[in-house]
Amino acid sequence: MTNWRAVIIGFLVILVIGTVGLLVPGIGQLVAGLVGGFVAGYLAGGGLVRGFWHGLLAGSFGGLVVGSLLFISLSIVGLALGPIGGAIGGVAGFGTFVVIVILTMIAALESAAAGAIGGLLGQ
């Protein structure tokens, strides 16, 4: 059973550290994913697999949210340019969404690995 509280808290940690990582060089998104995945796995507890699962969910949730927001914003900008601009904006937004989802799934693996360690320590 998924502990959504742990996933949401891990996602919020990724969001906060990722935002700070944009402002402070050296922290970056890698640290955000590692810390957020660890927090999600630690809070979920239950061992290696459970921690891995919760870290993976926390890491991927952020990318899906960002990808969806970019898709919506590019589509709205396209609609402001008329019907043809709307179609172009929708296609560009969908392409951006697909690329972000693929990159997010790859980057979520670091969160999952950290979540597995957190799950072991959270027992």
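Colleague: Describe the overall build of the chain, with residues and values.
Modeller: Helices and strands together make up the secondary structure of the chain, namely four helices and zero strands. For the chain, the succession of helices and strands along the chain, N to C, is α-α-α-α. Expressed as lengths along the three principal axes of its C-alpha atoms, the size of the chain is roughly 55 × 35 × 20 Å. The burial tally for the chain puts 36% of its 123 residues in the buried class. Taking as baseline every contact in the chain between residues at least 6 positions apart, the subset at least 24 positions apart corresponds to 71%. Carbon and sulfur atoms provide 84% of the accessible area of the chain, an area that totals close to 6,900 Å².

Colleague: Describe helix α1 (residues 4–23), and please don't skip the residues or the numbers.
Modeller: Helix length check: α1 (20 residues) gives 29 Å between terminal C-alpha atoms against 28 Å at 1.5 Å per residue, within 8%. When α1 is considered as a whole, its buried residues turn out to be Ala6, Val7, Gly10, Phe11, Ile14, Gly18 and Gly21. Relative to the axis of α1, the buried residues are bounded by an arc of 130° and lie together on one face. Exposed side of α1, more than 90 degrees from the buried face: Arg5, Val16 and Leu23 are the residues found there.

Colleague: So what's going on with a nonpolar patch on the surface? Residues and values would help.
Modeller: On the surface, a nonpolar cluster with roughly 840 Å² of combined accessible area is contributed by Phe71, Ile72, Ile76, Phe94, Val98, Val99, Ile102, Leu103 and Ile106. Taken together, the elements giving at least two residues each to the nonpolar patch come down to α3 (48–80) and α4 (83–121). Counting residues per element, the nonpolar patch draws most heavily on α4, at six residues. With respect to the secondary-structure elements, Val99 resides in helix α4.

Colleague: Please set out the packing of aromatic side chains residue by residue, giving values where relevant.
Modeller: Evaluation of the coordinates by the stated rule reveals two aromatic pairs. Consider the rings of Phe11 and Phe61, whose centres lie 4.8 Å apart with planes at 80°: the pair is edge-to-face. Of this pair, Phe11 sits in helix α1 while Phe61 sits in helix α3, and the two are 50 residues apart along the sequence. Judged by its relative accessible area of 34%, Phe61 falls in the partly exposed class.

Colleague: Talk me through the side chain of Ser111; I want residue IDs and the actual numbers.
Modeller: Residue placement: Ser111 occurs in helix α4. Aside from chain neighbours lying at most four places away, what touches Ser111 is Ile14, Gly33, Gly37, Gly55, Leu56 and Gly59.

Colleague: Describe the side chain of His54, and please don't skip the residues or the numbers.
Modeller: By the element assignment, His54 lies in helix α3. Since its relative accessible area comes to 1%, His54 is described here as buried. At 2.8 Å, the side chain of His54 forms a polar contact with the backbone nitrogen of Asn3. Not counting the four nearest positions on each side in its chain, His54 is found in contact with Met1, Thr2, Asn3, Ala6, Val7, Ala40, Gly41 and Ala44.

What counts and how
Residues numbered from 1 in each chain as written. Predicted model: local features only at pLDDT ≥ 70, side-chain atom pairs only at ≥ 80, totals over all residues. Heavy atoms only, no water. Helix = DSSP H or I, 4+ residues; strand = E, 2+ residues; numbered from the N terminus. Buried < 20%, exposed > 50% of the residue type's maximum accessible area, 1.4 Å probe, protein only. Contact = heavy atoms within 4.5 Å. Areas by Shrake-Rupley, 256 points an atom, 1.4 Å probe, with all protein chains shown as cover. Expected span 1.5 Å × (residues − 1). Arc of directions from axis to C-beta. Patch = residues over 30% accessible without salt bridge, like charges linked within 9 Å, V, L, I, M, F, W, Y side chains within 5 Å. Salt bridge = Lys/Arg side-chain N within 4 Å of Asp/Glu carboxyl O. Phe/Tyr/Trp six-rings, centres within 6.5 Å; stacked < 30°, edge-to-face > 60°. Polar contact = N/O pair within 3.5 Å; in protein donor to acceptor, adjacent residues only side chain to side chain.

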